[in-house]
Every structure is written in structure tokens, then in C-alpha cells.
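Chain and residue survey
Each chain, letter by letter, is given below.
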Amino acid sequence: MIRAIFFDLHGVITHGDFKDIYKKFADRVNVSTQSVRDYHVDNIQGLLTGTVTSTDMFEAFGLSNKMTVEQMLDVWTEEIVKIMYADKEILSLLLKLRLKYKLGALTNLTEQRYGADVKMGLYNYFDFSVLSFKEELKKPDPNFFLKALERAQCTPEEAVFIDDQAKNTDAAERLGIKSILYKDIDSLLKRLAILGVEV
């Protein structure tokens, strides 16, 4: 019997073309686009796991004489929400599922994108979240999924995980969590029905 359903966020619930985000941020804070891009390429794993903090980035960009860390994060949030949008059909599905199941948001993200998720109210659709930069580990680490099971208070066999990356669904499957590689909402609904999830 399914008791909990875990969703990845970006690529499943939210979408957007982030290719220009470095330039948009750099222009706002008056630093070079290349320095912002290079910093993220060099530090993305640390940013995702929270071992490289927003303060570290703030100091690397030499912004202390221009703004506070909070103001820097506000700029990121403002620019991200301009290009990111949530799938309304998926949001509607979440509302229905939450009436019968515990819902968890399981996502790899930086603190910068977290601000945009909060601004968009995404976490209001879930009972709990497991966020890589807060947990200091990320998918597909098995411990990431074990944290989700603990918060949902269920066994692997009682959970379903939905993600748009096969390496993550494969990792969850190895733990015994039923997983769905997300492609579109129609195929998702069919797979949920096969697994006995009532919508």
C-alpha cells in the first residue's frame, strides 16, 4: 500500500531556461558574467550540498561594499522567478494527492534557487522537503532517500519517487522505492494508476 509520494522539483514541477541567468545576475550586481559562470562551474557540487555557502560566493564576487548577502540572494531570486514557471497540471495533481498521501519534495538545489522556490510557494504543496544544500548531501546518495523515508515515516515499499533523471530513479529503486522517470503528466498518471495510487 502506498503511503507517501516523493517529487523532484525542477524538471518535473518547475521548468525554465537558465542559460542567461549568470549574465542577468552579473549585470544586476556589476560583476563580470564570466566570473559568475566560472564560480558556479568550479563550485556547483559545494553549492548543491551547502559546503560552499552564499557568504562564500558573496565574498568571492567582492560584493561587501555594494550590498548584503541577503540583498544578493534577493537579486538571484528576482531573476530566477522571471524565467522559472510551475506546471499548473502538476500543482493540481499535488493538491489531489495530498488528500490521501504524504507528499515530499526531494530536490538537489542551491540556496539561490531555494529562494525562488519559496517565492513561488512550491513547498506549500508538500508535507516535508529534503533539500540537498540543507542536508549536505544530494541525490542519488542513498542517504538522501533514507531521510525522506524517515520523514514520511514509511518503508521503501510504501513510497513512490518521481524524478526526471534516471540516475536518481535508479538509486531509489535499488532501495526498494517504486520510481517513475518523469516524461509528461499523461504517462505519469498512467504509471501512478499501475502502482495503485488513487488520484
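The sections below set out a description of the structure shown in this document.

**A word on the overall build of the protein**
Within the protein, the regular secondary structure consists of 10 helices and seven strands. Compactness check: the protein gives a C-alpha radius of gyration of 18 Å against a globular reference of 16 Å for 199 residues, within 12% of the reference. In the protein, buried positions account for 49% of the 199 residues. The long-range fraction of contacts in the protein, counting pairs at least 24 apart against all pairs at least 6 apart in sequence, stands at 66%. Summed over its atoms, the accessible surface of the protein is roughly 9,700 Å², and 49% of this surface lies on carbon and sulfur atoms. Taking the average location of the 26 positive side-chain charges in the protein and that of its 30 negative ones, the two points are 4 Å from each other.

**Description of the packing of aromatic side chains**
Applying the stated rule across the entire model yields nine aromatic pairs. Summarising the aromatic geometry, the rings of F6 and F128 are spaced 6.0 Å apart at their centres and angled 75 degrees between planes, so their arrangement reads as edge-to-face. One end of the pair, F6, is in strand 1 (residues 4-7); the other, F128, is in strand 5 (residues 128-131), with 122 residues separating them in the sequence. In this pair, the class of F6 matches that of F128, namely buried. Measuring from ring centre to ring centre gives 5.3 Å for Y39 and F61, while their planes differ by 65 degrees; the resulting arrangement is edge-to-face. Linking Y39 in helix 2 (residues 33-49) with F61 in the loop between helix 3 (54-60) and helix 4 (69-83), this pair joins segments that are 22 residues apart in sequence. For the pair Y39 and F61, one class covers both residues: buried. By the ring-pair criterion, three or more aromatic residues cluster together here, those being F25, Y39, F61 and W76.

**Regarding the pattern of salt bridges**
Side chains bearing opposite charge may pair, as long as their charged atoms lie close to each other. Scanning the entire structure with this criterion turns up 13 salt bridges. In this structure, K23 engages D27 in a salt bridge whose closest nitrogen and oxygen atoms are separated by 2.7 Å. Here K23 pairs with D27, and both are found in helix 1 (residues 21-29), just four residues apart, close to one helical turn. According to the relative accessible area criterion, K23 is partly exposed, its value standing at 43%. Here D127 and R98 are joined by a salt bridge, their closest N and O atoms 3.1 Å apart. Of the two residues, D127 is situated in the loop between helix 6 (111-119) and strand 5 and R98 in the loop between helix 5 (88-97) and strand 4 (102-107); the sequence distance between them amounts to 29 residues.

**Side note on the nonpolar core**
Counting residues in hydrophobic clusters, the biggest one holds 29 residues, and the most contacted among them are I5, F7, I13, I162 and L188. Elements that contribute at least two residues to this core include exactly strand 1, helix 5, strand 4, strand 6 (159-163) and helix 10 (185-194). With five residues, the top contributor of residues to this core is helix 5. What I13 contacts, discounting residues up to four positions off in sequence, is F7, D8, Y85, A86, D87, I90, L91, L94, L122 and F126.

**Observations concerning the environment of T110**
Locating T110 in the fold gives a position in the loop between strand 4 and helix 6. The class for T110 is buried, based on a relative accessible area of 11%. In the structure, T110 is positioned 52 residues away from I162 in sequence and 20 Å away in space, judged by C-alpha atoms. If we skip the residues at most four places from it in the chain, T110 touches I44, L47, L48 and F133.

**Focus on helix 1**
Among the residues of helix 1, those classed as buried are I21, F25, A26 and V29. Along the long axis of helix 1, the arc covered by the buried residues comes to 125 degrees, so they all point the same way. Following helix 1 by one or two positions, N30 adopts a phi angle in the positive range, close to 60 degrees.

What counts and what doesn't
Residues numbered from 1 in each chain as written. Predicted model: local features only at pLDDT ≥ 70, side-chain atom pairs only at ≥ 80, totals over all residues. Heavy atoms only, no water. Helix = DSSP H or I, 4+ residues; strand = E, 2+ residues; numbered from the N terminus. Rg over C-alpha atoms; globule rule 2.2 N^0.38 Å. Buried < 20%, exposed > 50% of the residue type's maximum accessible area, 1.4 Å probe, protein only. Contact = heavy atoms within 4.5 Å. Areas by Shrake-Rupley, 256 points an atom, 1.4 Å probe, with all protein chains shown as cover. Lys, Arg positive; Asp, Glu negative; His and termini not counted. Charge placed at Lys NZ, Arg CZ, Asp CG, Glu CD. Phe/Tyr/Trp six-rings, centres within 6.5 Å; stacked < 30°, edge-to-face > 60°. Salt bridge = Lys/Arg side-chain N within 4 Å of Asp/Glu carboxyl O. Core = buried A, V, L, I, M, F, W, Y, C linked by side-chain atoms within 4.5 Å. Arc of directions from axis to C-beta.

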